Amino acid sequence: MSHAPRARATVSPAVPSAADLEARRLRKRSVIGAGLFVPATVLAGIAALTTENAGRCVEYGEGCGSTPGSVYVVILALAAVAFVAAQSTERGTVRRAAFWTQLGAELVFLLLVMTVFA
């Protein structure tokens, strides 16, 4: 056995790069946008129900919006796919595009909810 002192390996803490920080920020903002989507939809639905045409549409079926339900489903699917892409991709440009696509799809959905009784 040798009693010579062994050199200790020094481990420096990993400092995240600017790209890693931006990735974390975009992922966090994407989660926040998805989390606020449900309350925003509820508020948009309540606001839509306060219009004059909403009573006529709900009670008599007159004056309802003409947007088919499949449009709502496609927009929700687009927002979901963009959310998954923003959370899982490694490329920064794709992540940014997915994030903005997610927010855009959510805003279009909210706009359609607001105009459902128009």
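Residues numbered from 1 in each chain as written. Predicted model: local features only at pLDDT ≥ 70, side-chain atom pairs only at ≥ 80, totals over all residues. Heavy atoms only, no water.

**Student:** Just checking my understanding: could you explain the overall build of the protein for this structure?
**Tutor:** Helix and strand counts for the protein come out as 4 helices and 0 strands. The order of α-helices and β-strands along the protein, N terminus first, is α-α-α-α. Across the 118 residues in the protein, those meeting the buried criterion constitute 23%. With an accessible surface of roughly 8500 Å², the protein has 67% of that area assigned to carbon and sulfur atoms. (Helix = DSSP H or I, 4+ residues; strand = E, 2+ residues; numbered from the N terminus. Buried < 20%, exposed > 50% of the residue type's maximum accessible area, 1.4 Å probe, protein only. Areas by Shrake-Rupley, 256 points an atom, 1.4 Å probe, with all protein chains shown as cover.)

**Student:** Can you walk me through the environment of Arg-27 in this structure?
**Tutor:** Position of Arg-27 relative to the elements: it lies in helix H1 (residues 18-49). Taking the C-alpha atoms as reference points, Arg-27 and Ala-85, 58 residues apart in sequence, are found 9.8 Å from one another.

**Student:** Sorry, what's going on with the UniProt feature "transmembrane region" (unreviewed entry) in the protein here?
**Tutor:** Per the UniProt record, "transmembrane region" (unreviewed entry) is found at residues 31-49, 69-86 and 98-117. Helix makes up 85% of residues 98-117 and strand 0%, whereas the separation of the span's terminal C-alpha atoms amounts to 30 Å. (UniProt positions renumbered as here; feature names shortened; annotations may be inferred.)

**Student:** In this structure, what is going on with the packing of helix H3 (residues 69-88) against helix H4 (residues 92-114)? I would like to understand it.
**Tutor:** Viewed as axis vectors pointing N to C, H3 and H4 meet at an angle of 155°, and their least axial separation amounts to 8 Å. As judged from the angle between their axes, H3 and H4 are roughly antiparallel. Two packed elements cross with a definite hand, and for H3 against H4 that hand is left-handed. Of the residues in H4, those in contact with Val-71, Tyr-72, Ile-75, Leu-76, Leu-78, Ala-79, Ala-82, Phe-83, Ala-85 and Ala-86 of H3 are Arg-95, Ala-98, Phe-99, Thr-101, Gln-102, Ala-105, Glu-106, Val-108, Phe-109, Leu-112 and Val-113. Across the contact of H3 with H4, the residue classes tally to 17 nonpolar, 2 polar and 2 charged. (Axes fitted to C-alpha atoms, helices over the stretch in contact; angles between N-to-C directions. Parallel < 35°, antiparallel > 145°, perpendicular 65-115°, else oblique. Left-handed = near helix turned anticlockwise from the far one by under 90°. Contact = heavy atoms within 4.5 Å. Nonpolar A, V, L, I, M, F, W, Y, C, P; charged D, E, K, R; others polar.)

**Student:** What should I look at first to understand the packing of aromatic side chains in this one?
**Tutor:** The tally for this structure, following the rule as stated, stands at 3 aromatic pairs. Centre to centre, the rings of Phe-37 and Phe-109 are 5.4 Å apart; their planes meet at 55°, and the pair counts as tilted. Of this pair, Phe-37 sits in helix H1 while Phe-109 sits in helix H4, and the two are 72 residues apart along the sequence. With respect to burial, Phe-37 and Phe-109 carry one shared label: buried. Taking the centre distance of 5.1 Å and the plane angle of 70° together, the rings of Phe-99 and Trp-100 count as edge-to-face. Here the aromatic residues Phe-37, Tyr-72 and Phe-109 are joined through ring pairs into a cluster of three or more. (Phe/Tyr/Trp six-rings, centres within 6.5 Å; stacked < 30°, edge-to-face > 60°.)

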